[in-house]
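One-letter residues, chain by chain:
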Amino acid sequence: MNIRFDKLGVVIAAISAYAAFAAPFATFRANRIVPGQARSILEALPATIGALLLAIIVVAALIALFRTPLVLRLAASVVALAALALLVGVAGTFLTPAGNTFARVSPASGFWILIFAFTLLLADVLTRLNLSPWGRVGVLVAASAAIGLLLISGSWNDLSILKEYANRADSFWAEGSKHVTLALGSLAAAVIVGLPLGILCHRVERLRAGVLNVLNIIQTIPSIALFGLLIAPLGWVATHVPGAAALGIRGVGTAPAFVALFLYSLLPVVANTVVGLAGVPRAANDAARGMGMTDRQRLFGVEFPLAFPVILTGIRIVLVQNIGLATIAALIGGGGFGVFVFQGVGQTAMDLVLLGAVPTVALAFAAAIILDAVIEMTATKRRVETA
Amino acid sequence: MIEIEGITKRYDATTVVDDVSMVIEPRTVCVIVGTSGSGKTTLLRMINRLVEPTSGIIKLDGADNRSLPGYELRRSIGYAIQGHGLFPHRTVAQNIATVPVLLGWDKVRIKARVDELMTLYQLDPEAFGPRYPHELSGGQQQRVGVARALAAEPNVLLMDEPFGALDPIIRTKAQEDLLAIQKRFGTTIILVTHDMEEAVHMGDKIAVMDAGKLVQYARPAEILAKPASAFVETLVGASERPFRLLSLGRVRDAVEKGSAEGEAIPGDASQRDALAELLWSGRPALPVKGADGKPLGRVTVDGLVKRAARPA
Ligand SMILES: Nc1ncnc2c1ncn2[C@@H]1O[C@H](COP(=O)(O)OP(=O)(O)OP(=O)(O)O)[C@@H](O)[C@H]1O
Ligand SMILES: [Mg+2]
């Protein structure tokens, strides 16, 4: 028989072997801030279950290692991920002494590496399956539903991150909605301002270099410095413009965070609008004028639809960037998931950091998948000029 | 009537169209020929003001073409752009409907017009209407471009190498269709081409351009017989001249008395086709029949050869 290795599979098998046998699966701590003790898979789970998990990992890794049919690889990655997700909860319950509310069990490096390895396998299979945009959104929905079910079922309740959540359930959702509002609101503002600005830059060549340079410079200012720079002018606005303070405009808080995110968002939106409009085939523009379209009709009927996928790419960059950057807003009292991150850093409570970081990463990831799908859908419908 | 008076276009120091004056009679076809870069497209685009001239004026039916806003002027003039220029994000049907939509026609009328044009250009409205331009062949794209130019039944039609990508059979058909439309609606057509055959066949008059200048503007027979310069002579193709001259005449006009053996040739075939048939079959004469099938007489090799000679 001719046995052939899969290139990516070799990597996946190697790192899962390391993670399963050499790295800790879970960390046990007597309370939330003391250093933890590592537990391997066999230590962290009841004996039979631990052996079962190891068996699943070995089989899945072997399937990844050799050239196997896509369906088999898909099944291997899904089963491995599901087992890991379920059993890490079991480990939480198993390692926590009954009735002890101070003890903390959290997933350790071995768990995260295994998740990474099999997500890689899954991503590779999905790429090779060449899913349609709707298919990818479907996979995202299914994965979110599975995670949601696990959360609701309570099987992760003994994990440290959920214990942190249980203590802060109300503020979690409040900060979460602030986070999303901040990210989406600044994006909306950037689109409202950036699109016309981009169109203007496209039409008026003298403006283009100047505007893009200024936006580029803004982009290079570190966020903390930008917040600092905004405190004075916004404070001035708050005290001198009637009604501004009532709107919540202050030197610290949500206002400077919003303005900073907005400023960071402008460059991708404006630059992509300019690039998109410049990429409209000259013949199409020419025909539009030749058929008797006014400048407005040409802009909305021809240039804009043709530039749309590129502009959308800019919006995607901004959305993902903003979801991440909004974390920083907590530094100046702007709220968002960053609140947990910085509290956690302050208390050296890693679990609290994760409570802020994990939803942020998940949101950014979901936003990227959804917008990529939308971009592909609009781009295939409005295929670019062939001639 | 289109009157072009002393039109000049300069880009910086280079003169692209140099003091061109010509009158295009209503309901005629004017063909512009010339080498690449001689300013044909630029001249054409000054008529619908896609390019503003440096000096000179253009009048359409007596009115200066600057008396309307540019976009309104352009809606009234059909324009088939060089290399089709279809909108890649719009379907074939939407592309053809562009000007009628801009003019605010109602939906039923637009649909009827689009279907009519697509059928004329042998594109099944059901199959091709919903497609996007990138799903068509080059020749199909070009036909859609011409259909789009015709959509609003314009009185004046500007066509920039509209048939370049068509195969000879479809091209001949497209030329005939265009001439039929032109006769039926009395459209004034200005057509740019590189194909001398097409120019002689389609044009009531031919304008020859060289380096921005109009070097000759005359009826095809005159261009062939009396080229104004060595350049025109080369462009016309000296070795093709007699055949092109013959292609202008109908067999009906070359009929002699008498009869001949064999299959008869219709009276409205071109004299060139008749000569080709005679040479190919090796016969000295062919019978000629009228549209009703009645014999009209005959054409002879000798007779046609005399007609192919340079006119006195
Ligand atoms: N916008 C412009 N700016 C500068 N030069 C131009 C511009 N448009 C055209 N030209 C120049 O004017 C000259 C004539 O161009 P035009 O398009 O009228 O030629 P053409 O006769 O249509 O050629 P072709 O047969 O290749 O289509 C060319 O040398 C071209 O480079
Ligand atoms: Mg041209």
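Small disclaimer: the values here were computed from a predicted structure and weren't measured.

Right, let's talk about the sheet that holds strand β1 (residues 26-29) of chain A for a bit. Residues and elements named next belong to chain A. Reading across the sheet, the three strands line up as β2-β1-β3 and stay open at both edges, with antiparallel pairing between neighbours. Looking at strand neighbours, the two that pair on one side only are β2 (37-39) and β3 (104-107), the edges of this open sheet. On average, each strand axis in the sheet is tilted by 30° relative to the strand beside it, whichever way the strands run. Note that β1 and β3 share four bridges and pair antiparallel. If you follow A26 over to β3, its bridge partner there is P107. Relative to the sheet, helix α4 (residues 70-95) contacts β1, β2 and β3, its axis offset from that of β3 by approximately 155°.

On to the interface of chain B and chain A. Each partner contributes to the interface: chain B provides 22 residues, whereas chain A provides 24 residues. For the pairing of chain B and chain A, the buried interface totals around 2,100 Å² over both sides, and the portion due to carbon and sulfur atoms is 61%. Looking at the side of chain B facing chain A, the largest losses of area belong to P88, H89 and H134 of chain B, adding up to 28% of the total buried there. Across the chain B-chain A interface, the total number found is one salt bridge. Where R45 of chain B meets D286 of chain A, a salt bridge forms, and the shortest distance between an N and an O atom there is 2.6 Å. Linking chain B to chain A there are seven residue pairs in polar contact (both at pLDDT 80 or more). Mapped onto the side of chain B that touches chain A, the elements with two or more residues apiece are α2 (70-75), α4 (98-102) and α7 (138-150) of chain B. Considering only residue class, the side of chain B that touches chain A consists of ten nonpolar, seven polar and five charged.

All names here are of chain B. Of the protein atoms, only T41 (OG1) and Q82 (OE1) coordinate the magnesium ion (ligand 2), at distances of 1.9 to 2.4 Å. Residue T41 is found in helix α1 (residues 40-47), and its partner Q82 is found in the loop between β6 (77-80) and α3 (92-96); the two are separated by 41 residues along the sequence. Relative accessible area serves as the criterion here: at 23%, T41 is assigned to the partly exposed category.

Residues and elements named next belong to chain A. Domain assignment breaks chain A into domain 1 (7-167) and domain 2 (169-386). Between the C-alpha centres of domain 1 and domain 2 there is a distance of 34 Å. Residue-level contacts link 16 residues of domain 1 with 18 residues of domain 2. Roughly 1,500 Å² of surface becomes buried between domain 1 and domain 2 when both sides are summed, with 66% attributable to carbon and sulfur atoms. The largest share of the area that domain 1 buries against domain 2 comes from L140, I161 and Y165, three residues that together contribute 36% of it. The closest approach of N and O atoms between R136 and E376, which form a salt bridge, is 3.0 Å. For the pair domain 1 and domain 2, the number of links is five residue pairs in polar contact (both at pLDDT 80 or more). The dominant element in the side of domain 1 that touches domain 2, judged by the number of residues it contributes, is helix α7 (residues 160-167), at six residues. Counted by class, the side of domain 1 that touches domain 2 contains eight nonpolar, three polar and five charged residues.

What follows deals with the site of ligand 1. Near ligand 1 there are 13 residues, and of these S36, G37, K40, T41 and T42 of chain B occur at the shortest range. If ligand 1 stood free it would expose 640 Å²; the protein chains cover 58% of that surface.

Attention now moves to the packing of aromatic side chains. All names here are of chain A. For the structure shown, the criterion picks out eight aromatic pairs over all chains. Considering the side-chain rings of F111 and W112, the 5.1 Å spacing of their centres and the 75° angle between planes classify their relative orientation as edge-to-face. By relative accessible area, which is 6% here, F111 ends up buried. Overall, W112 belongs to the partly exposed group, its relative accessible area being 41%. Pairing F172 with F337 gives two aromatic rings, centres 5.3 Å apart and planes at 45°, and the pair type is tilted. Note that F172 is positioned in helix α8 (residues 169-203) and F337 in the loop between α13 (295-325) and α14 (338-346), a separation of 165 residues in sequence. With respect to burial, F172 and F337 carry one shared label: buried.

To continue, consider the UniProt feature "domain: ABC transmembrane type-1" (unreviewed entry) in chain A. Taking the numbering used here, the UniProt-annotated feature "domain: ABC transmembrane type-1" (unreviewed entry) corresponds to residues 176-371 of chain A. Span residues 176-371 of chain A is 81% helix and 0% strand, its end C-alpha atoms 20 Å apart.

Turning to the domain arrangement of chain B, a few remarks are in order. All names here are of chain B. Once the domains are mapped, chain B shows domain 1 (2-237) and domain 2 (243-307). Distance between the C-alpha centres of domain 1 and domain 2: 34 Å. Every contact between the two is made by eight residues of domain 1 and, on the other side, five residues of domain 2. Carbon and sulfur atoms supply 59% of the area that domain 1 and domain 2 bury against each other, a total of about 560 Å² over both sides. A per-residue breakdown of the area domain 1 buries against domain 2 is headed by E197, V200 and L224, which together make up 65% of the total. Measuring nitrogen to oxygen at the nearest pair gives 3.6 Å for the salt bridge that ties E197 to R244.

Next up on the list: a nonpolar patch on the surface. Residues and elements named next belong to chain A. Together, F5, V10 and V11 give the surface a local cluster of nonpolar side chains, amounting to about 260 Å² of exposed area. The topology assignment puts V11 in helix α1 (residues 7-21). A relative accessible area of 43% means that V11 is categorised as partly exposed.

About the thresholds
Residues numbered from 1 in each chain as written. Chains lettered and ligands numbered in written order. Predicted model: local features only at pLDDT ≥ 70, side-chain atom pairs only at ≥ 80, totals over all residues. Heavy atoms only, no water. Pairing = 2+ DSSP bridges. Helix = DSSP H or I, 4+ residues; strand = E, 2+ residues; numbered from the N terminus. Axes fitted to C-alpha atoms, helices over the stretch in contact; angles between N-to-C directions. Contact = heavy atoms within 4.5 Å. Buried area = accessible area lost by both parts, 1.4 Å probe. Salt bridge = Lys/Arg side-chain N within 4 Å of Asp/Glu carboxyl O. Polar contact = N/O pair within 3.5 Å; in protein donor to acceptor, adjacent residues only side chain to side chain. Nonpolar A, V, L, I, M, F, W, Y, C, P; charged D, E, K, R; others polar. Donors = N, O, S within 2.8 Å, 3.2 Å for Na, K, Ca; no water. Buried < 20%, exposed > 50% of the residue type's maximum accessible area, 1.4 Å probe, protein only. Domains from an automatic or database assignment. Near = heavy atom within 4 Å. Areas by Shrake-Rupley, 256 points an atom, 1.4 Å probe, with all protein chains shown as cover. Phe/Tyr/Trp six-rings, centres within 6.5 Å; stacked < 30°, edge-to-face > 60°. UniProt positions renumbered as here; feature names shortened; annotations may be inferred. Patch = residues over 30% accessible without salt bridge, like charges linked within 9 Å, V, L, I, M, F, W, Y side chains within 5 Å.

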